Amino acid sequence: MQAAPRSERIWTAALVVIGDEILSGRTQDRNIAQLAAWLNVQGIRLAEVRVVADQANAIGEAVNTLRVRNDYLFTTGGIGPTHDDITVDAIAAALDLPVIEHPEARAILEDYYMTRGGVTPARARMARTPEGASLIPNRVSGAPGIRIGNIFIMAGVPHITAGMLDALTGTLEGGQPVVSGTIGCWVGESEVADLLRQAEKAHEGVAIGSYPFFREGRTGANFVVRSPDAAMVATCIADLTAALEAQGHRVIADGI
C-alpha cells in the first residue's frame, strides 16, 4: 500500500488503554510512548489518552467520545483469548454492529496454530471482529489486530503492538512529521518562564516544552522546541539560546 500524501493541517489521534491490570498498577503501560513516537513519524499528533477498566460501558463511552473528535483512535488491550478480553464486543456494541468470526482472521489462526495444538475455542475468540472490519497484520503472534472505520484495535503486549504499528507504517494520512531540538540550562523554570513565553510567541508554529529536574543538588530544566519546520526549530533554539545567555545562563546543547 502506498503512503498517503502529507498535508499542512494537523492530524490527531487518541489512545484508549484498556485493562484492569494497568489501573491496578500490576502492569506498567509502555504503549503510550511507543504509539506517540510512531504517530509523530506518520505526521499525526497523539492528542489524548484515556485508561479504562475491562468494562464494556467504559470502553464504549471512551471509544465513541474519542473517535469523533480525533482523526484516528487506537485501542490497546483486551483482544486475547480469555473471558475478560471484551474489547471487540464492547466496541462492536458502541458502534451498533454485530460481532462475526472474520474468515480471514480464522484462516490466519488456523495456519499459525497448525503446529501449536490447533485452534481451540478460546483461540478462536481472536478471530472475532465487528462486522465490516479489516485486519491489521500481526507478524509476532498470529492473531491480527482490527480496523473498523478510524478505529485501530490492537494488542496490549507492547512488542506485539509494535509489530502491528510497523504493519501500518505509511498507510495513514497525516501531516508533516514534527521535529524537535533540545537545550538545557541550570536554572529554575520559573526564572525564565516569561522568556520562554516570548520565544514561543515570536516563532509562530513552534511549541516549547519545559522539563524541570533536580540533580546534583541543583535545579535545572531542559527546553524542547517542536515544529514541523526544521529550520524554524533551529532558528528558535538559536534565539532562545542567545536570550538565556544574555541573562547570564550557560546553555547546554542537546540538553542536560
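Along each chain, residues carry numbers from 1 onward, in the same order as the chain's sequence is written. Local features are withheld for residues below a pLDDT of 70 in this predicted model, meaning they are given only at 70 or higher, and side-chain atom pairs are given and counted only at 80 or more; totals for whole chains, interfaces and linings count all residues. With hydrogens and water set aside, each side-chain value is computed from the structure's full complement of heavy atoms.

K.L.:
Explain the overall build of the protein to me, please; I cannot follow it from the model alone.
P.N.:
Of the regular secondary structure elements, the protein holds 9 helices and 14 strands. Taken along the three principal axes of its C-alpha coordinates, the protein extends 70 × 40 × 35 Å. Only protein chains enter the calculation, and the probe is 1.4 Å; a residue is then buried if its accessible area is under 20% of its type maximum, exposed if over 50%, and partly exposed in between. Looking at the 256 residues of the protein, the share that counts as buried comes to 44%. Contacts are assigned to residue pairs that have any heavy atoms within 4.5 Å of one another. Taking the intrachain contacts of the protein between residues at least 6 apart in sequence as the baseline, contacts between residues at least 24 apart amount to 69%. Strands are runs of DSSP state E lasting at least 2 residues, helices are runs of H or I lasting at least 4, and numbering of each runs from the N terminus.

K.L.:
Would you take a moment to explain the sheet that holds strand E11 (residues 179–185) for this structure?
P.N.:
Strand pairing in a sheet relies on backbone hydrogen bonds, with the paired strands running either antiparallel or parallel. The rule for pairing is simple: two strands pair if DSSP sees at least two bridges between them. If you walk across this open sheet you meet the 4 strands as E12-E13-E11-E14, and the pairing is antiparallel. Strands with a single pairing partner mark the edges of an open sheet, and in this sheet they are strand E12 (207–215) and strand E14 (251–253). Averaged over all neighbouring strand pairs, the angle between strand axes comes to 25°, with direction disregarded. Both E11 and E14 contribute to a ladder of 3 bridges, which runs antiparallel. From the neighbouring strand, Ile183 faces E14, where its bridge partner is Ala253. Axis lines are fitted through C-alpha atoms, for helices just across the contact stretch, and the angle between N-to-C directions can take any value from 0 to 180 degrees. Contacts from helix H8 (residues 193–202) reach E12 and strand E13 (218–227), with the element oriented near 155° to E12. Of the strands in this sheet, E11, E12, E13 and E14 touch helix H9 (residues 230–246), which is tilted by about 10° from E11.

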